[in-house]
Amino acid sequence: MEVIIIGGKGSSLSSSSVYAIANGLSKVDIDSSVSKKLDFNSPHLNYSLGEVKSIPNSLLTLIETRACLVLLLNKLIITQIDIRFLLPDLICKTLNQERFDFRNLDFSSALGFLDSFFKLNGITLGDTGYTPGELNVLEKSVYGICAILDSCSSSLSPIADAVASLSCEALNADASVLAVRSLDSGNGFSIKDVVSVARDFKVLLNGSNLLVGKTKGCQLLSDITEVHGSFRESVKQIHSITLVELNTSVKISKDGSSSSAGSQKTLVKTFFSFAMSVFHLGESSFYRARLLADVAGSNMGKIFQCGCPNIDELRNAITSITTLAACGVNYLGFFHVINRLVATVKDILAWEAVLAIHSLERMESLERSEEISVASLSVEANRVKESPVEENQKKNKVLLGKGTVVIKQLLKDRLKTGGDPFWDCAHFNNWVCNLSLFFEPKDPELHKFLKKMKEMVETNESRRLPKVPKGTRDFSKEQMAIRERAFKIIEGVFKRHGAMALDTPAFELRETLMGKYGEDSKLVFDLADQGGELCSLRYDLTVPFARYVAMNAISSFKRYQIGKVYRRDNISKGRFREFYQCDFDIAGQYCAMGPDFEVVKVLTELLDELNIGDYEIKLNHRKLLDGMLEICGVPPEKFRTICSSIDKLDKNGFDGIKKEMVEEKGLAAEVADKIGALMNKHGPPLELLSELKQQGSQFLENDRSNLALKDLEILFQALERSKCAHRVVFDLSLARGLDYYTGVIFEAVFKGTGTTEVGSIAAGGRYDNLIGMFGARQVPAVGVSLGIERVFTIMMEQLGKDGNQSIRATETQVLVSIFEEDLGQAAELVSELWSAKVKAEYLVSKRVTKHMERAKESRIPLMVIVDRKGIVRIRDVEANTEEVVSRNTVVENMRRRLNLGPLSTPFLL
């Protein structure tokens, strides 16, 4: 039997693990490191006689009780504070027992649970006592039923789809109601999960000839996509919140109390919505099953009425759930009733499935009987040379969908009828019980069924839609217009500073990129070995630039490059795996800090002219950072790896990076605290510089930091005189994790208001040793890289706020409109305009409104209209005015209206 380890480093508890332990499918054990972390000697409060009286558990089932114990075990382990190893150890041992007297456990109060649980294990609360931390965890951690519901619902969704698809065929549903209603929510945009359900049904029912719409007045079938889509959405929601609930520690304040009322209410609210979706799923299934029973005849109707849970059971359950949610006291009872509701719906689905199979089997049985009759009729017809019989036979043949024929056979195989025909009602109740057990996640055969369902809906060609890889995206024509505008501004700033363009390959030799990015080297995309050179996609534009300078023995170069780079990063908002970088670099020997000043100045000009809003440039010096680490007592060999941790400060906070530095990188805790104290220093450049240079400063006594302070003084004074120092913040916490930086480092951060959270939008620094790493002589260099994707995100949000500002995707100035089907005339006129450097399009159509709509839709300012009589008019679309002109003067007239001036001579190299 599998053993699930709880409390291991980096591990998390899943709903499937809770389900497996609760159902006795897996054993449980505690990671060996846990006993060292929990406090054996935590002071505990003594139990006093009469303090508590436990109340036996008359509500929960054994499986629900075990699920609650698993959650409690994990919460005690991950909370750690004021928790003794005694309680988790006893819970683990209890869970590994095949049976225990779960009815005596009291879940109504924390002390009641401790008293009853210790008695269950042969000890008393008076002997062991308890800690406030243990009580806090017990009060907030008894909702393990959530994991049972999460695990069951994830399998219930495809089961419901499979069963409903069989009913659609058995009831001769109209195929159109399964798609048309589901594709639009009524407010102009589609509901993702509803559309997904409709597509899945299209795959499962593809090829069926039974969807002929014979069932009269059946709203039930047309509601399938909405009901099942809503259920899918609620399943996703409870999965997300359950995963958080399972793996979030109980926060205990300094006074020993904890508060999680907000999270409890969110949990209850989410599961209440889930309960409503389960109710609607069961209600829909019940009415379809009843309809199937009615169609099958009065005898089947009686069997259904006596055996299937009725609609009142569903309504009573939802009433209880609503009451328990509203009172806000017995939340354990709330989850218990939802679990019962799910079990009831499973039983109803089992009835629907058996009835649907019964109906389809009867159809096929009748077809086989007709085939025998048709065979004899066909012989007689052949004698008289007339045979319409075979054609009618083909028309009447029962054809199930490509998916439903597989589903039907898999369910039949599960039932193992032993030769009993499916139209025999005697075995119905047994078949229903069999399927109901099959629908439980613990049944190993169910996983094969679900896998087959997934394969059918994902690999069927009618379902397969093209998509882009994760971490990439397409850009619409409007988005491309904004990007091109941004690129034009960026390129203009670069050229203003005398930079020259450079382009390098999208992939480099792997050896070129390795060893340049520190811990980020794992993010480099390696290409498959093609039997030759080992290559990787470029991670940035800086290393390829350094390789180019070294390879061509260049001593000085001011270059810019705009190109795509690739990183195997985790995908999040504003973080992609393929994105553009816009780089500006200066390589060569210049006056002290001159290139550093110009690079920072270029960055301020870029962000100002892109007009993205408020921003700041955090700036530091790698030598100052190294000096700070040396002052704090960090060994030199750990400088780079500690810098990599410091670089995550904004993402993880100081507590997070301290844990990484101490536990993963072996730094002493007191050294980490010293780093934290110095990292807090940030402010206006010259002010903070003055503070760091005060007499007796540790930074002046360190060679590395002293040299850095001299560089920064020159830089800050230059920035002050260039009127851009107000954009810069001197920040000692800025690290930049890349290994190749040697001097000034900086990072631009968007500070604007709104929902946009994009983090760093540009970064750079000095890298004096990178070029020399390629075996060439050392060429000092400094550069900046602008992340256009994040800037683009900001620009798009700002455009969204400005409702009056629309985006024009085309630069077309003139639309040539020919009101006859005469391509030759259009080709002649538009070619003259193109030759005159006028941006023009043409349209050939007899429909006048089509021309007007095209001009307005593309916001083309001018039209040249040639009507059916050959008369030429120039129309100003915005002013809504027209002027008749001579055909020979059209080009001249257009250039004058567009202020294009005289034609220039061709460009010569």
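Predicted model only: the values in this text are computed from it and were never measured. (Residues numbered from 1 in each chain as written. Predicted model: local features only at pLDDT ≥ 70, side-chain atom pairs only at ≥ 80, totals over all residues. Heavy atoms only, no water.)

Okay, the pattern of salt bridges next. Close approach of charged atoms lets side chains of opposite charge pair. One pass over the structure, following the stated rule, counts 41 salt bridges. Its salt-bridge partner being glutamate 630, residue arginine 704 comes within 2.6 Å of it at the nearest N-O pair. Here arginine 704, found in helix H30 (residues 703-721), pairs with glutamate 630, found in helix H24 (residues 622-632); they are 74 residues apart in sequence, far enough to count as distant. On the accessibility criterion, arginine 704 (34% relative accessible area) is partly exposed. Judged by its relative accessible area of 37%, glutamate 630 is partly exposed. Here the salt bridges share partners, and the residues they tie into one network are Asp161, Asp200 and Arg232. (Salt bridge = Lys/Arg side-chain N within 4 Å of Asp/Glu carboxyl O. Helix = DSSP H or I, 4+ residues; strand = E, 2+ residues; numbered from the N terminus. Buried < 20%, exposed > 50% of the residue type's maximum accessible area, 1.4 Å probe, protein only.)

Within strand E17 (residues 872-876), 4 of the 5 residues are buried, which leaves the element mostly enclosed by the surrounding structure. In the sheet, strand E16 (residues 862-866) pairs with E17 via 5 bridges, with the strands oriented antiparallel. When the sheet's bridge partners are listed, valine 866 is paired in E17 with valine 872. The turn linking E16 back onto E17 is made up of 5 residues, and glycine 870 within it adopts a positive phi angle of 85°. When E17 meets strand E18 (residues 881-885), the two strands line up antiparallel, connected through 5 bridges. Following the sheet pairing, arginine 873 is matched in E18 by valine 884. What sits between E17 and E18 in their antiparallel hairpin is a turn of 4 residues, with asparagine 880 showing a positive phi close to 60°. (Pairing = 2+ DSSP bridges.)

In space, the 9 strands of this open sheet follow the order E3-E6-E7-E13-E12-E11-E8-E10-E9, with mixed pairing throughout. With one partner strand each, in any of the chains shown, strand E3 (500-501) and strand E9 (682-683) form the two edges of the open sheet. In the sheet, strand E8 (residues 615-621) pairs with strand E11 (residues 744-750) via 7 bridges, with the strands oriented antiparallel. Bridge pairing links glutamate 616 to valine 749 in E11. Across the sheet, H24 touches E8, strand E10 (728-731) and E11, and the angle it forms with E8 is around 60°. Sheet strands in contact with helix H28 (residues 685-692) are E9 and E10, and its direction is about 25° off that of E10. (Contact = heavy atoms within 4.5 Å. Axes fitted to C-alpha atoms, helices over the stretch in contact; angles between N-to-C directions.)

Attention shifts here to the sheet that holds E18. With mixed pairing, the 5 strands of this open sheet are ordered in space as E15-E14-E16-E17-E18. Each end of this open sheet is capped by a strand with a single partner; those strands are strand E15 (840-844) and E18. Taken pair by pair, the neighbouring strands of this sheet meet at an average axis angle of 20°, ignoring direction. Sheet analysis places strand E14 (residues 814-818) next to E16, joined by 5 bridges and oriented parallel. Its bridge partner lying in E16, valine 816 is registered against valine 864. Against the sheet, helix H32 (residues 823-835) contacts E14, E15 and E16, and its axis sits at roughly 170° relative to E15.

Right, let's get into helix H26 (residues 649-664). Here H26 spans only 16 Å end to end across 16 residues, well under the 22 Å set by a 1.5 Å rise per residue. If you look at H26, its biggest bend is around 70°, right at aspartate 655. Those residues of H26 not exposed but buried are Leu649, Ile657, Glu660 and Met661. Close packing links the buried residues of H26 with helix H25 (639-646) and helix H27 (669-679). Positive phi appears at glycine 666, one or two residues downstream of H26, with a value of about 70°. (Expected span 1.5 Å × (residues − 1). Bend = angle between axes of the 7 residues up to and from the residue.)

The geometry of two aromatic rings is summed up by the distance between their centres and the angle between their planes. All told, the structure shown has 23 aromatic pairs when counted by the stated rule. A ring pair is formed by phenylalanine 494 and tyrosine 560, whose centres lie 5.6 Å apart and whose planes are at 35°; its orientation type is tilted. Remark: tyrosine 560 occurs in strand E6 (residues 557-566) and phenylalanine 494 occurs in helix H20 (residues 477-496); sequence separation between them is 66 residues. On the accessibility criterion, phenylalanine 494 (0% relative accessible area) is buried. The exposure class of tyrosine 560 is buried, given its relative accessible area of 6%. (Phe/Tyr/Trp six-rings, centres within 6.5 Å; stacked < 30°, edge-to-face > 60°.)

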